[in-house]
Amino acid sequence: AGTLGAAAAQSGRYFGTAIAAGHMSDSTYVATWDREFNAVTAENEMKWGPIEPSRNSFNWSSADQIVNHALSKGMKVRGHTLVWHAQLPSWVNSGMSASDLRSAMTNHITQVMNHYKGKVFAWDVVNEAFADGGAVGTLRDSIFTQKLGNGFIEEAFRAARAADPNVKLCYNDYNIDNATAAKTQGVYNMVKDFKARGVPIDCVGLQSHFGNPPSNYQQNIAQFAALGVDVQITELDVGGSGSTQADAYRRVTQACMAVPRCTGITVWGITDKYSWRSGDTPLLFDGNYNKKQAYTAVLDAL
Ligand code: XIL
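Residues numbered from 1 in each chain as written. Predicted model: local features only at pLDDT ≥ 70, side-chain atom pairs only at ≥ 80, totals over all residues. Heavy atoms only, no water.

1. Quick word on the UniProt feature "active site" (unreviewed entry) in the protein
Next, step 1: The sites that UniProt annotates as "active site" (unreviewed entry) are Glu235.
Next, step 2: If we ignore the near neighbours within four places in the chain, the residues touching Glu235 are His80, Asn172, Leu206, Gln207, Ser208, His209, Thr266 and Trp268. (UniProt positions renumbered as here; feature names shortened; annotations may be inferred. Contact = heavy atoms within 4.5 Å.)

Structure follows, in C-alpha coordinates:
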(Lines give C-alpha, C1' and ligand atoms only; values in the text may rest on other atoms or scores of the structure.)
Protein backbone atom coordinates (compact mmCIF):
# COMPACT_ATOMS: atom_id res chain seq x y z
CA ALA A 1 0.00 0.00 0.00
CA GLY A 2 1.18 3.49 -0.78
CA THR A 3 -0.12 5.39 2.22
CA LEU A 4 0.17 5.00 5.97
CA GLY A 5 -3.54 4.43 6.49
CA ALA A 6 -3.88 1.87 3.71
CA ALA A 7 -0.76 0.04 4.87
CA ALA A 8 -2.04 -0.13 8.46
CA ALA A 9 -5.45 -1.29 7.24
CA GLN A 10 -3.86 -4.37 5.66
CA SER A 11 -3.48 -5.78 9.17
CA GLY A 12 -6.77 -4.34 10.46
CA ARG A 13 -5.04 -1.42 12.17
CA TYR A 14 -5.40 2.31 11.76
CA PHE A 15 -2.80 5.01 11.32
CA GLY A 16 -3.91 8.35 12.67
CA THR A 17 -2.71 11.86 13.29
CA ALA A 18 -3.51 14.67 15.69
CA ILE A 19 -5.26 17.52 13.92
CA ALA A 20 -5.73 21.12 15.00
CA ALA A 21 -8.90 22.76 13.70
CA GLY A 22 -7.04 26.06 13.36
CA HIS A 23 -4.82 24.60 10.63
CA MET A 24 -7.66 23.24 8.51
CA SER A 25 -7.52 26.36 6.32
CA ASP A 26 -4.11 25.07 5.12
CA SER A 27 -5.16 23.04 2.09
CA THR A 28 -1.94 21.00 1.94
CA TYR A 29 -2.45 20.06 5.60
CA VAL A 30 -5.93 18.74 4.90
CA ALA A 31 -4.88 17.06 1.65
CA THR A 32 -2.04 15.25 3.42
CA TRP A 33 -4.36 14.23 6.26
CA ASP A 34 -6.93 12.86 3.80
CA ARG A 35 -4.37 11.04 1.70
CA GLU A 36 -2.22 9.41 4.37
CA PHE A 37 -4.29 8.85 7.51
CA ASN A 38 -7.42 6.90 8.37
CA ALA A 39 -7.85 8.07 11.95
CA VAL A 40 -7.69 11.31 13.90
CA THR A 41 -7.33 12.74 17.38
CA ALA A 42 -8.23 16.37 18.06
CA GLU A 43 -5.00 17.93 19.32
CA ASN A 44 -6.74 20.23 21.84
CA GLU A 45 -10.37 20.73 20.84
CA MET A 46 -11.99 18.01 22.98
CA LYS A 47 -10.12 18.87 26.17
CA TRP A 48 -12.17 20.05 29.14
CA GLY A 49 -11.13 23.71 28.95
CA PRO A 50 -11.82 24.22 25.25
CA ILE A 51 -15.03 22.17 25.16
CA GLU A 52 -16.71 23.21 28.44
CA PRO A 53 -15.33 26.72 29.04
CA SER A 54 -18.07 27.53 31.52
CA ARG A 55 -19.97 25.05 33.58
CA ASN A 56 -22.44 22.95 31.61
CA SER A 57 -22.03 25.21 28.59
CA PHE A 58 -20.33 23.41 25.73
CA ASN A 59 -18.44 24.71 22.74
CA TRP A 60 -18.53 21.88 20.23
CA SER A 61 -17.71 23.75 17.04
CA SER A 62 -13.94 23.21 16.69
CA ALA A 63 -14.06 19.58 17.72
CA ASP A 64 -17.08 18.99 15.47
CA GLN A 65 -15.18 20.48 12.55
CA ILE A 66 -12.49 17.81 12.95
CA VAL A 67 -14.92 14.96 13.67
CA ASN A 68 -17.27 15.78 10.79
CA HIS A 69 -14.42 16.00 8.32
CA ALA A 70 -12.96 12.71 9.55
CA LEU A 71 -16.28 10.87 9.40
CA SER A 72 -17.00 12.19 5.91
CA LYS A 73 -13.72 10.53 4.84
CA GLY A 74 -14.46 7.28 6.67
CA MET A 75 -11.78 7.82 9.31
CA LYS A 76 -11.87 6.60 12.90
CA VAL A 77 -11.89 9.16 15.69
CA ARG A 78 -10.19 8.84 19.09
CA GLY A 79 -11.70 10.98 21.82
CA HIS A 80 -9.06 12.90 23.78
CA THR A 81 -9.52 13.49 26.69
CA LEU A 82 -12.19 13.56 29.41
CA VAL A 83 -10.32 13.87 32.73
CA TRP A 84 -6.85 15.43 32.81
CA HIS A 85 -5.12 17.77 35.25
CA ALA A 86 -4.03 20.11 32.42
CA GLN A 87 -6.01 22.42 30.12
CA LEU A 88 -8.86 22.53 32.62
CA PRO A 89 -11.33 25.42 32.54
CA SER A 90 -10.68 27.86 35.38
CA TRP A 91 -14.06 27.10 36.94
CA VAL A 92 -12.93 23.55 37.78
CA ASN A 93 -10.03 24.79 39.88
CA SER A 94 -11.91 27.30 41.94
CA GLY A 95 -12.28 25.70 45.33
CA MET A 96 -15.14 23.36 44.56
CA SER A 97 -16.30 20.91 47.18
CA ALA A 98 -15.72 17.21 46.58
CA SER A 99 -19.36 16.54 45.77
CA ASP A 100 -19.50 19.52 43.44
CA LEU A 101 -16.37 18.41 41.60
CA ARG A 102 -17.71 14.87 41.40
CA SER A 103 -20.96 16.01 39.81
CA ALA A 104 -19.09 18.37 37.47
CA MET A 105 -16.79 15.53 36.38
CA THR A 106 -19.68 13.12 35.85
CA ASN A 107 -21.66 15.72 33.93
CA HIS A 108 -18.65 16.57 31.76
CA ILE A 109 -18.02 12.92 30.92
CA THR A 110 -21.68 12.26 30.21
CA GLN A 111 -22.34 15.32 28.06
CA VAL A 112 -19.21 15.01 25.95
CA MET A 113 -19.61 11.27 25.45
CA ASN A 114 -23.27 11.71 24.53
CA HIS A 115 -22.41 14.36 21.96
CA TYR A 116 -19.91 12.05 20.23
CA LYS A 117 -21.77 8.77 20.72
CA GLY A 118 -21.40 6.58 17.65
CA LYS A 119 -18.76 8.89 16.22
CA VAL A 120 -15.79 8.17 18.46
CA PHE A 121 -14.51 4.60 18.75
CA ALA A 122 -12.36 5.08 21.87
CA TRP A 123 -12.05 7.65 24.63
CA ASP A 124 -9.02 8.60 26.68
CA VAL A 125 -11.15 8.67 29.83
CA VAL A 126 -8.26 9.61 32.11
CA ASN A 127 -5.00 11.12 30.91
CA GLU A 128 -1.65 11.35 32.73
CA ALA A 129 -2.86 10.53 36.24
CA PHE A 130 0.34 8.82 37.40
CA ALA A 131 3.32 10.67 38.85
CA ASP A 132 6.75 10.56 37.25
CA GLY A 133 8.64 9.85 40.44
CA GLY A 134 7.98 8.01 43.66
CA ALA A 135 6.86 4.54 44.56
CA VAL A 136 4.94 2.28 42.19
CA GLY A 137 1.33 3.45 41.97
CA THR A 138 1.88 7.05 43.03
CA LEU A 139 -0.63 9.39 41.41
CA ARG A 140 0.16 12.92 40.35
CA ASP A 141 -1.14 15.58 42.70
CA SER A 142 -4.15 17.29 41.10
CA ILE A 143 -7.51 18.83 41.88
CA PHE A 144 -8.91 15.32 41.38
CA THR A 145 -6.66 13.55 43.91
CA GLN A 146 -7.05 16.43 46.33
CA LYS A 147 -10.84 16.48 46.25
CA LEU A 148 -11.84 12.96 45.24
CA GLY A 149 -8.83 10.89 46.28
CA ASN A 150 -7.13 8.19 44.24
CA GLY A 151 -10.50 6.65 43.42
CA PHE A 152 -11.23 9.40 40.91
CA ILE A 153 -9.85 7.25 38.08
CA GLU A 154 -12.25 4.42 38.83
CA GLU A 155 -15.12 6.89 39.24
CA ALA A 156 -14.34 8.40 35.84
CA PHE A 157 -14.27 5.01 34.11
CA ARG A 158 -17.55 3.95 35.73
CA ALA A 159 -19.21 7.22 34.69
CA ALA A 160 -17.88 6.76 31.16
CA ARG A 161 -19.30 3.25 30.89
CA ALA A 162 -22.64 4.48 32.16
CA ALA A 163 -22.63 7.18 29.49
CA ASP A 164 -21.82 4.83 26.59
CA PRO A 165 -21.73 1.04 26.82
CA ASN A 166 -20.32 0.64 23.30
CA VAL A 167 -17.22 2.80 23.13
CA LYS A 168 -13.71 1.68 24.13
CA LEU A 169 -12.51 3.24 27.37
CA CYS A 170 -8.77 3.94 27.58
CA TYR A 171 -6.21 5.06 30.11
CA ASN A 172 -3.54 7.21 28.38
CA ASP A 173 -0.13 8.34 29.67
CA TYR A 174 3.49 9.15 28.80
CA ASN A 175 6.62 7.53 30.20
CA ILE A 176 4.87 4.20 30.52
CA ASP A 177 6.86 2.73 27.63
CA ASN A 178 9.58 0.94 29.58
CA ALA A 179 8.18 -2.41 30.70
CA THR A 180 9.94 -2.39 34.07
CA ALA A 181 9.81 1.29 35.07
CA ALA A 182 7.95 2.19 38.27
CA LYS A 183 5.43 4.43 36.50
CA THR A 184 4.64 1.66 34.01
CA GLN A 185 4.22 -0.86 36.80
CA GLY A 186 1.78 1.47 38.55
CA VAL A 187 -0.43 1.68 35.48
CA TYR A 188 -0.06 -2.06 34.89
CA ASN A 189 -1.21 -2.80 38.44
CA MET A 190 -4.18 -0.46 38.05
CA VAL A 191 -5.32 -2.14 34.82
CA LYS A 192 -4.91 -5.56 36.40
CA ASP A 193 -6.90 -4.46 39.44
CA PHE A 194 -9.65 -2.90 37.28
CA LYS A 195 -9.93 -6.12 35.28
CA ALA A 196 -10.07 -8.21 38.45
CA ARG A 197 -12.80 -6.07 40.04
CA GLY A 198 -14.85 -5.44 36.92
CA VAL A 199 -14.06 -1.75 36.64
CA PRO A 200 -14.61 -1.01 32.93
CA ILE A 201 -11.39 -0.49 30.96
CA ASP A 202 -10.72 -1.58 27.39
CA CYS A 203 -7.44 -0.05 26.32
CA VAL A 204 -4.19 1.56 27.31
CA GLY A 205 -2.70 4.42 25.31
CA LEU A 206 1.06 4.81 25.18
CA GLN A 207 1.60 8.44 24.22
CA SER A 208 5.17 7.75 23.07
CA HIS A 209 6.67 11.22 22.92
CA PHE A 210 10.16 9.91 22.40
CA GLY A 211 13.75 10.63 22.18
CA ASN A 212 14.24 6.91 21.73
CA PRO A 213 11.85 4.06 22.49
CA PRO A 214 13.11 1.71 25.22
CA SER A 215 14.50 -1.62 24.04
CA ASN A 216 11.69 -3.49 25.85
CA TYR A 217 8.91 -1.43 24.23
CA GLN A 218 7.41 -4.42 22.41
CA GLN A 219 7.53 -6.47 25.59
CA ASN A 220 5.72 -3.62 27.32
CA ILE A 221 2.93 -3.53 24.74
CA ALA A 222 2.64 -7.30 25.09
CA GLN A 223 2.42 -7.20 28.88
CA PHE A 224 -0.48 -4.73 28.79
CA ALA A 225 -2.22 -6.72 26.06
CA ALA A 226 -1.90 -9.85 28.17
CA LEU A 227 -4.13 -8.20 30.78
CA GLY A 228 -6.97 -8.28 28.25
CA VAL A 229 -6.89 -4.70 26.95
CA ASP A 230 -6.11 -3.24 23.57
CA VAL A 231 -3.02 -1.09 23.31
CA GLN A 232 -2.73 1.97 21.09
CA ILE A 233 0.21 4.23 20.41
CA THR A 234 -1.59 7.51 20.79
CA GLU A 235 0.71 10.52 20.43
CA LEU A 236 3.85 9.30 18.72
CA ASP A 237 6.58 11.77 17.89
CA VAL A 238 10.33 11.22 17.91
CA GLY A 239 12.83 14.02 18.26
CA GLY A 240 15.80 14.29 15.92
CA SER A 241 16.17 13.66 12.23
CA GLY A 242 17.57 11.40 9.53
CA SER A 243 18.33 7.73 9.96
CA THR A 244 18.41 7.80 13.77
CA GLN A 245 14.88 9.17 13.85
CA ALA A 246 13.77 6.78 11.12
CA ASP A 247 15.15 3.79 13.05
CA ALA A 248 13.25 4.81 16.17
CA TYR A 249 10.02 5.15 14.20
CA ARG A 250 10.66 1.76 12.59
CA ARG A 251 11.14 0.07 15.96
CA VAL A 252 7.95 1.60 17.34
CA THR A 253 5.94 0.49 14.31
CA GLN A 254 7.42 -3.01 14.34
CA ALA A 255 6.65 -3.36 18.04
CA CYS A 256 2.98 -2.53 17.47
CA MET A 257 2.76 -4.81 14.45
CA ALA A 258 4.19 -7.70 16.49
CA VAL A 259 1.40 -7.59 19.09
CA PRO A 260 -2.09 -8.47 17.79
CA ARG A 261 -3.83 -6.31 20.39
CA CYS A 262 -1.84 -3.23 19.38
CA THR A 263 -4.64 -1.89 17.20
CA GLY A 264 -3.35 1.41 15.89
CA ILE A 265 -0.77 4.17 15.87
CA THR A 266 -1.39 7.90 15.99
CA VAL A 267 1.36 10.44 15.35
CA TRP A 268 1.05 13.77 17.17
CA GLY A 269 0.71 15.92 14.07
CA ILE A 270 1.41 15.80 10.35
CA THR A 271 4.14 18.31 9.66
CA ASP A 272 7.14 19.51 11.64
CA LYS A 273 6.05 23.09 11.12
CA TYR A 274 3.05 22.69 13.42
CA SER A 275 4.53 20.29 16.00
CA TRP A 276 3.96 21.14 19.65
CA ARG A 277 7.66 20.29 20.18
CA SER A 278 8.84 23.62 18.87
CA GLY A 279 12.45 23.73 17.78
CA ASP A 280 12.39 20.00 17.07
CA THR A 281 11.47 18.09 13.92
CA PRO A 282 9.67 15.04 15.38
CA LEU A 283 7.07 14.16 12.70
CA LEU A 284 6.89 12.21 9.44
CA PHE A 285 6.57 15.18 7.07
CA ASP A 286 8.88 18.16 7.00
CA GLY A 287 7.70 21.76 7.05
CA ASN A 288 6.97 21.61 3.31
CA TYR A 289 5.02 18.35 3.56
CA ASN A 290 7.84 16.32 2.05
CA LYS A 291 8.03 12.72 3.26
CA LYS A 292 10.99 12.19 5.57
CA GLN A 293 13.14 9.09 6.04
CA ALA A 294 11.00 8.36 9.07
CA TYR A 295 7.91 8.23 6.84
CA THR A 296 9.45 5.54 4.64
CA ALA A 297 10.60 3.58 7.67
CA VAL A 298 7.07 3.52 9.06
CA LEU A 299 5.45 2.68 5.74
CA ASP A 300 7.87 -0.21 5.21
CA ALA A 301 7.24 -1.55 8.73
CA LEU A 302 3.43 -1.51 8.47
C1 XIL B 1 -0.48 19.20 23.68
C2 XIL B 1 -0.81 19.90 22.39
O3 XIL B 1 -0.11 19.29 21.34
C4 XIL B 1 -0.44 21.37 22.48
O5 XIL B 1 -0.92 22.08 21.35
C6 XIL B 1 -1.01 21.99 23.75
O7 XIL B 1 -0.51 23.31 23.90
C8 XIL B 1 -0.65 21.17 24.98
O9 XIL B 1 -1.07 19.83 24.79
N10 XIL B 1 0.08 14.86 26.27
C11 XIL B 1 -1.22 14.91 25.82
C12 XIL B 1 -1.58 15.87 24.76
O13 XIL B 1 -2.03 14.07 26.23
O14 XIL B 1 -2.91 16.31 24.90
C15 XIL B 1 -0.65 17.03 24.74
O16 XIL B 1 -0.98 17.88 23.62
C17 XIL B 1 0.79 16.57 24.66
C18 XIL B 1 1.14 15.74 25.86
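Back to the write-up after that little detour.
2. Structural notes on the site of the ligand
Next, step 1: For the ligand, the set of nearby residues contains 13 residues, the closest of which are Glu43, Lys47, His80, Glu235 and Trp268.
Next, step 2: In the model, an oxygen atom of the ligand is placed 3.3 Å from a nitrogen or oxygen of the Gln87 side chain.
Next, step 3: Gln207 places a side-chain nitrogen or oxygen 3.3 Å from a nitrogen atom of the ligand.
Next, step 4: Coverage of the ligand by the protein amounts to 78% of the 410 Å² it exposes when considered alone.
Next, step 5: Of the residues assigned to the shell around the ligand, the class counts are three nonpolar, six polar and four charged. (Near = heavy atom within 4 Å. Polar contact = N/O pair within 3.5 Å; in protein donor to acceptor, adjacent residues only side chain to side chain. Areas by Shrake-Rupley, 256 points an atom, 1.4 Å probe, with all protein chains shown as cover. Nonpolar A, V, L, I, M, F, W, Y, C, P; charged D, E, K, R; others polar.)

3. Focus: the confidence of the model for the protein
Next, step 1: Confidence in the prediction of the protein, expressed as mean pLDDT, is 98, and 100% of residues score 70 or more.
Next, step 2: Here the complex is predicted with pTM 0.98, and the ipTM for its interfaces comes to 0.99. (pLDDT = per-residue confidence, 0-100.)

4. What to know about unusual backbone geometry
Next, step 1: Between His80 and Thr81 the backbone carries a cis peptide bond, its omega angle lying at -5°.
Next, step 2: Here Thr81 lies in strand S3 (residues 76–84).
Next, step 3: Positive phi outside glycine occurs at Glu128, with the angle close to 55°.
Next, step 4: Within the secondary structure, Glu128 is located in the loop between strand S4 (122–127) and helix H6 (143–148). (Helix = DSSP H or I, 4+ residues; strand = E, 2+ residues; numbered from the N terminus.)

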